[in-house]
Every structure is written in C-alpha cells, then in structure tokens.
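Summary of the model geometry
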Amino acid sequence: MPTPSDGEVVLAARGVSRRYPLAVPGQALKTTLLHPGQALRAWRTRRRRELWAVRDVSFEVRRGEFFSIVGANGSGKSTLLRLLAGLSKPTRGSVEVRGRVSTLLELGSGFHPQVSGRENVIMNGLLMGRTRREMEALLPAIVEFSGLQEFIDQPMRTYSSGMYVRLGFAIAAFMDPEILLVDEVLAVGDAKFQEKCYEHIAGLQRKGVTMVMVSHDLGAVERFSDRAALMERGRMVAIGPPRKVIGLHLERLAETSPEIRQAIHEGMEADEERVRRMLEEDPEWAAAFAAALERNPAFHERLREQAERERSG
Ligand SMILES: Nc1ncnc2c1ncn2[C@@H]1O[C@H](COP(=O)(O)OP(=O)(O)OP(=O)(O)O)[C@@H](O)[C@H]1O
C-alpha cells in the first residue's frame, strides 16, 4: 500500500521568513510633542524594532501526509500557517502549493459579523473559488454538520465563539479540499463537537487529503500525524516522528516552567499505562521525557521503583 512518504510534494516552504515591525513608542504625535527626546531615540532605533516571527523555515509535505506543527505560544506557528495559506507574503523565501487549499484559521477570520451564517457560508465559498450554486448545494451538509440549523439565518455577531468554530470547521471540511490547513481553533469547541471534527479529519485522511495542523492538543498530534515539527522563536528546530517531536517539545516546555512541569507530571499520573507503553517502545522518547521530569522527584522515584520491580520480577 502506498504511504504518504511515497507521494509527490504538494506543499513546500523554502527558506521562508516573515518580519513584522514592532510598534515604536513615541510614534503618536502627542508623544512626539511631549517627549521629543524619547521619540528621537525610538526613531533612531527603529530598525532594531522588528520581529522575525518566522525565520528561514524549509520543509516539504507530501500528498496524503498529515503534518503537525507544535511549539510554545508565540513561536510562529500561526504566522507560518498564514504564509502557507497565501494569506500573508513571506519577507524572504517562497511557498509552493499544488492543489486546492482550504483553511481553518483563527477564530472568526473570514466571517462578516453583520450578515447571517448562511450568507457567510456562501461568501466563504465564493472567496474559495466556488459558485453560488455550488455553495447552495453544499449548504445543507455544512449546516447539518455544524448543528446550527436554528441559528443559520441569524447575523453572526450573535454567535458564540464555539458557534464560529462549528461553522468554520464545517465550511473548511466540506469544501472538498486537497490540502487542509487547520489552526488551533478546534480547542474552542465543546468536547463532543471536537470529537466529531477529529472523526471527520480521520475520514479526510483516509481519502488522501493532505493536512497541516497547528495544535497544542498533543494527544491529537500524536494520534493523527505522520510527521510533526517543533517551532521555537520562529525557527523550525525539529521535524520527525510525532512522538519524538512531542517529547522534545515537552522537554523544552518543562525547562521553562515549573507549572508546566507539574502539569506534565499530573498528566502522566492520569495515564500511566500509555506512558509505560511509550517508555518501553521508544527509548529516545523516554530519554527526552526523563530529562523533562528530572526535577520532578516524585515521578522520578516512581520510574525508578518501576524499573526495579521489573528488574527483580
Ligand atoms: N500581524 C502581526 N504584527 C506584528 N507581530 C505579529 C503579527 N502576527 C504575529 N506577530 C508576532 O509574531 C510572533 C509569532 O506569532 P504567532 O501567532 O505566529 O505564534 P504562535 O506560535 O501561533 O502562538 P500561539 O500558540 O500563541 O498561537 C509573536 O511574537 C507575535 O506577537
């Protein structure tokens, strides 16, 4: 059976970078008049006041592959996804895409709050190159999936954030995409709808749709991805098997925060069986995890006891 690693490259980032100017204090006229010295200093240092949200990122995704991007807040994941979607232009480098792309990006982007859900579905379709007639044919399935039948003729400003996500996902998923780009949004919906989305994603995956997903839901990343990548301060610092990349991500997170260390510890307590299996199957992952939890004596102690029990039994 062909695997995604045999497929042709349908998405490629080549040396992609994106720079944003940072707000310069003293730009406002009032500030300039009241604090001319500060304004002058700000103007002199303006060249340094910029941020490379994405720096020199290169990777390829093959047809039918599920590629996930993880990383701490602000590491550049959403910016990268917007670049892949063509919604923002790289400052340097290039993005190549082959196929019909459908995107599910930040909450509410692409929706007009003053018009109804129904009109928004049609408008989104037109923006993606569909005709009104095609969209009208797709509408019943989209509305049904979203579960918003009663609200579909209300203006979207009356929708909750969960309702935005429902409609956004339903549109993206029913556009028959060849490549689907999904940002964090799924975390917003309720658990039942989330599961329905993941089931739908699994279905698209079986149909050979190529996916790129940005997510903090590491369980979903592990469950679906063929490969994952870790972003750190704009750079893609690792690409590889999801479990290894997640292990590295957790290790880095644990280094930066005692709270995260604690959360990882609690998560592992709740799911010991799975962790034990992973420790057995993948020594490299186990090493990454052990490093992450090094400063967590209770967990360390349990691992040691477990290893001893296994050795003696
Ligand atoms: N339009 C913009 N103008 C200026 N700076 C921006 C803009 N968009 C993003 N940034 C900055 O670029 C950096 C990367 O942001 P990005 O949203 O891509 O990170 P992220 O990894 O998706 O974070 P999160 O997990 O919190 O969503 C951040 O420091 C952010 O403040």
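Residues numbered from 1 in each chain as written. Predicted model: local features only at pLDDT ≥ 70, side-chain atom pairs only at ≥ 80, totals over all residues. Heavy atoms only, no water.

- Per an unreviewed UniProt entry, the protein chain is named ABC transporter ATP-binding protein, and its organism is Tepidiforma bonchosmolovskayae.
- Of the protein chain, the UniProt comment under Sequence similarities (unreviewed entry) reads exactly: "Belongs to the ABC transporter superfamily." (UniProt positions renumbered as here; feature names shortened; annotations may be inferred.)

1. Some remarks on the overall build of the protein chain
- Within the protein chain, the secondary structure is distributed over 13 helices and nine strands.
- Considering the protein chain as a whole, with its 313 residues, one finds that 43% of them fall into the buried category.
- In the protein chain, the share of contacts with a sequence separation of at least 24, taken over all contacts with a separation of at least 6, comes to 74%.
- Approximately 16800 Å² of the protein chain is accessible, and the part contributed by carbon and sulfur atoms is 51%. (Helix = DSSP H or I, 4+ residues; strand = E, 2+ residues; numbered from the N terminus. Buried < 20%, exposed > 50% of the residue type's maximum accessible area, 1.4 Å probe, protein only. Contact = heavy atoms within 4.5 Å. Areas by Shrake-Rupley, 256 points an atom, 1.4 Å probe, with all protein chains shown as cover.)

2. As for the sheet that holds strand S9 (residues 235–240)
- On the basis of which strands lie adjacent, the open sheet formed by six strands has the order S5-S6-S7-S3-S8-S9 and mixed pairing. If you trace the sheet from one side to the other, it starts and ends with strand S5 (101–104) and S9, each paired once. Put simply, the sheet's adjacent strands are angled 15 degrees from each other on average, direction ignored.
- Strands in contact with helix H7 (residues 191–206) are strand S3 (66–71), strand S6 (179–182) and strand S7 (210–214); relative to S7, the strand with the most contacts, it is inclined by about 145 degrees. (Pairing = 2+ DSSP bridges. Axes fitted to C-alpha atoms, helices over the stretch in contact; angles between N-to-C directions.)

3. Structural notes on the packing of helix H5 (residues 132–146) against helix H6 (residues 161–174)
- Where H5 contacts H6, the axes come no closer than 8 Å and their chain directions differ by 135 degrees. Classified by the interaxial angle, the pair formed by H5 and H6 is oblique. Seen from above, H5 lies across H6 with right-handed handedness. Two secondary-structure elements touch here, H5 through Leu138, Ala141, Ile142, Phe145 and Ser146 and H6 through Arg166, Leu167, Phe169, Ala170, Ile171 and Phe174.
- Looking at side-chain class alone, the contact of H5 with H6 contains nine nonpolar, one polar and one charged residues. (Parallel < 35°, antiparallel > 145°, perpendicular 65-115°, else oblique. Left-handed = near helix turned anticlockwise from the far one by under 90°. Nonpolar A, V, L, I, M, F, W, Y, C, P; charged D, E, K, R; others polar.)

4. Comments concerning the site of the ligand
- Near the ligand you find Tyr20, Leu51, Ala53, Ala72, Asn73, Gly74, Ser75, Gly76, Lys77, Ser78, Thr79 and His216, and these make up its full shell.
- With respect to the ligand, the backbone of Gly76 contributes an N or O atom lying 2.9 Å from an oxygen atom.
- Contact with the protein chains hides 60% of the accessible area of the ligand, taken as 640 Å² for the molecule alone.
- Where the shell around the ligand is concerned, the elements lending two or more residues are strand S2 (50–62) and helix H3 (77–84).
- Sort the elements by how many residues they give to the shell around the ligand and H3 lands first, with three residues.
- Of the residues that constitute the shell around the ligand, the class distribution is four nonpolar, seven polar and one charged. (Near = heavy atom within 4 Å. Polar contact = N/O pair within 3.5 Å; in protein donor to acceptor, adjacent residues only side chain to side chain.)

5. Concerning H3
- Judged by how many residues are buried, H3 sits mostly within the fold: six of eight residues are covered.
- For H3, the complete set of buried residues consists of Lys77, Thr79, Leu80, Leu81, Leu83 and Leu84.
- Phi turns positive, to about 80 degrees, at Gly86, one or two residues after H3.

6. Observations regarding the environment of Asp6
- Looking at the secondary structure, you find Asp6 in the segment before strand S1 (9–21).
- Distance from Asp6 to Glu65, taken between C-alpha atoms, is 9.7 Å for residues 59 residues apart in sequence.

7. Comments concerning the nonpolar core
- Judged by nonpolar contacts, the single largest core of 47 residues is most densely connected at Ile142, Tyr159, Leu167 and Phe169.
- By residue number, the principal contributor to this core is H6, which donates eight residues.
- Among all residues touching Tyr159, those that are not within four sequence positions of it are Gly117, Leu148, Phe151, Ile152, Gln154, Tyr164 and Leu167.
- Of all hydrophobic cores here, the second largest spans 21 residues; its members include Val16, Val61, Phe67 and Met236. (Core = buried A, V, L, I, M, F, W, Y, C linked by side-chain atoms within 4.5 Å.)

8. Overview of the side chain of Thr210
- Note that Thr210 resides in strand S7.
- By relative accessible area, Thr210 is classed as buried at 0%.
- Reaching out from Thr210, the side chain makes a polar contact with the backbone nitrogen of Gly64 at a distance of 2.9 Å.
- The contacts of Thr210, once residues within four sequence positions are left out, are Val10, Val61, Arg62, Arg63, Gly64, Glu65, Glu178, Ile179 and Leu180.

9. Brief notes about H7
- Between its first and last C-alpha, H7 extends 23 Å over 16 residues, near the 22 Å set by a 1.5 Å rise per residue.
- Turning to H7, its buried residues are Phe193, Gln194, Cys197, Tyr198, His200, Ile201, Ala202, Gly203 and Leu204.
- Tucked inside the fold, the buried residues of H7 contact S3, H5, H6, S6, S7 and helix H8 (218–224).
- Gly208 occupies a position one or two residues after H7 and carries a positive phi of about 90 degrees. (Expected span 1.5 Å × (residues − 1).)

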